[in-house]
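# Architecture and fold: a report
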Amino acid sequence: MELVVLNTSGKETGRKVTLDETVFGIEPNQHAVYLEVKQYLAAQRQGTHKSKERSEITASTKKLKKQKGSGSARYGDIKSPTFRGGGRVFGPKPRDYRFKLNKALKRLAKKSVLSQKLRDNSIKVLEAFNFETPKTKEFININNALGFEGKKSLYILDEANKNVYLSSRNLPKTKVLTYNEISSYDLINAGEIVFLEGAIEKFQENLKK
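Report on the accompanying structure. Quantities reported herein were computed from a predicted structural model and do not represent experimental measurements.

### A look at unusual backbone geometry
Although it is not a glycine, Phe90 sits at a positive phi angle of roughly 55°. As for its placement among the helices and strands, Phe90 is situated in the loop between helix H2 (30-44) and helix H3 (103-119). Looking at Phe90, the relative accessible area reads 80%, which means it is exposed. Positive phi, normally seen in glycine, also occurs at Asn121, with a value near 55°. Relative to the elements of secondary structure, Asn121 occurs in the loop between H3 and strand S3 (123-126).

Quick look at the structure:
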């Protein structure tokens, strides 16, 4: 299984990279993908939601009327949940939504997404490039040369590159990450995935550990 390496003009360079079939050629496991995406989204939640319970309301504690003889319901104080402005019953409390998944399942999820993306012809390999200074316009030219105009794209680098990152930062549909920062959510959220030539080998090795 091979992919042609493209240059920044979208033309073939004549070089090819070999893809590991245990990474890019498996039968996708949808449940594994679901679990990792769920974990990623859960970790984004702040969990700071809070409502006041009866004991936390500042109000009079006087009993509103006598217990018996009125012919209606028995009432305590004005902080009762049955009154407007009273405490809330079973309201939200601060909590941590994060949960753990084992590494093998997370690797399976990434392999599943990559295998499906390859079947959909949504993975490309690009020769290494750099900018002397951050240039958003140059990054847009690369996107257009690869046919990504109007599409979500994810560029995967073999190492951090400040100029490349800053050049893409103002593009709402383009994201740049290094190979060891990738989650299944990043892969599935991208319409097109671009591996820099040096990143794909490192990424494959990372998934086989």
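After that view, the rundown keeps rolling.
### Comments concerning the pattern of salt bridges
Scanning the model with the defined rule gives eleven salt bridges in all. Put simply, Arg119 and Glu27 hold a salt bridge, and the shortest N to O gap is 3.5 Å. Placement of Arg119 in helix H3 and of Glu27 in the loop between helix H1 (21-24) and H2 is noted, with a sequence separation of 92 residues between them. For Arg119, a relative accessible area of 48% gives the class partly exposed. Put simply, Asp96 and Arg98 hold a salt bridge, and the shortest N to O gap is 2.8 Å.

### Thoughts on the environment of Gly87
By the element assignment, Gly87 lies in the loop between H2 and H3. Residue classification places Gly87 among the buried positions, given a relative accessible area of 5%. When the C-alpha atoms of Gly87 and Ile57 are compared, they prove to be 6.2 Å apart, with 30 residues separating the residues in sequence. Those residues in contact with Gly87 that sit more than four places away from it in its chain are Lys52, Glu53, Arg54, Ile57, Lys79, Ser80 and Pro81.

### Observations regarding the sheet that holds strand S4 (residues 153-157)
Here we have six strands laid out as an open sheet, ordered S2-S1-S3-S6-S4-S5, and mixed in their pairing. The strands lining the two open edges of the sheet, one partner per strand, are strand S2 (12-18) and strand S5 (174-178). Going from strand to strand, the sheet's axes swing by 30° on average, the running direction of each strand aside. Here S4 pairs with strand S6 (residues 192-196) via four bridges, running parallel. Each residue of the ladder has a partner; that of Ser153, found in S6, is Glu192. Relative to the sheet, helix H7 (residues 197-207) contacts strand S1 (2-6), S2, S3, S4 and S6, its axis offset from that of S6 by approximately 95°.

### Overview of the packing of H3 against H7
Look at H3 against H7: their axes get within 10 Å of each other, and the N-to-C directions meet at 135°. When the axes of H3 and H7 are compared, the pair comes out oblique. Counting all contacts with H3, which are made through Arg107, Lys110, Lys111 and Leu114, the residues of H7 involved are Phe203, Asn206 and Leu207. For the contact of H3 with H7, a count of residues per class yields three nonpolar, one polar and three charged.

### Describing the packing of H2 against H3
Look at H2 against H3: their axes get within 8 Å of each other, and the N-to-C directions meet at 110°. The angle between the axes of H2 and H3 places the two elements in the roughly perpendicular class. Crossing handedness for the pair H2 and H3: left-handed. Facing Ala32, Val33, Leu35, Glu36 and Gln39 of H2, the residues of H3 in contact are Leu105, Lys106, Leu108, Ala109, Lys110, Ser112 and Val113. Its residues placed into classes, the contact of H2 with H3 shows seven nonpolar, two polar and three charged.

### As for the nonpolar core
Counting residues in hydrophobic clusters, the biggest one holds 43 residues, and the most contacted among them are Phe24, Leu114, Tyr155, Ile156 and Phe195. If we ignore the near neighbours within four places in the chain, the residues touching Phe24 are Met1, Leu19, Leu114, Ser115, Leu118, Ile123, Phe195, Ile200 and Gln204.

### Thoughts on the packing of aromatic side chains
Under the defined criterion, the tally for this structure stands at eight aromatic pairs. Summarising the aromatic geometry, the rings of Phe129 and Phe131 are spaced 5.6 Å apart at their centres and angled 55° between planes, so their arrangement reads as tilted. An aromatic cluster is built from Phe129, Phe131, Phe139 and Tyr155, whose rings are joined through pairwise contacts. Sitting over the ring of Tyr97, Arg45 keeps its end group 3.7 Å from the ring centre. Above the plane of the ring of Tyr97 lies Arg95, whose end atom (NZ or CZ) is 3.9 Å from the centre.

Cut-offs applied
Residues numbered from 1 in each chain as written. Predicted model: local features only at pLDDT ≥ 70, side-chain atom pairs only at ≥ 80, totals over all residues. Heavy atoms only, no water. Helix = DSSP H or I, 4+ residues; strand = E, 2+ residues; numbered from the N terminus. Buried < 20%, exposed > 50% of the residue type's maximum accessible area, 1.4 Å probe, protein only. Salt bridge = Lys/Arg side-chain N within 4 Å of Asp/Glu carboxyl O. Contact = heavy atoms within 4.5 Å. Pairing = 2+ DSSP bridges. Axes fitted to C-alpha atoms, helices over the stretch in contact; angles between N-to-C directions. Parallel < 35°, antiparallel > 145°, perpendicular 65-115°, else oblique. Nonpolar A, V, L, I, M, F, W, Y, C, P; charged D, E, K, R; others polar. Left-handed = near helix turned anticlockwise from the far one by under 90°. Core = buried A, V, L, I, M, F, W, Y, C linked by side-chain atoms within 4.5 Å. Phe/Tyr/Trp six-rings, centres within 6.5 Å; stacked < 30°, edge-to-face > 60°. Lys NZ or Arg CZ within 6 Å of the ring centre and 35° of its normal.

Geometry only, nothing functional implied.
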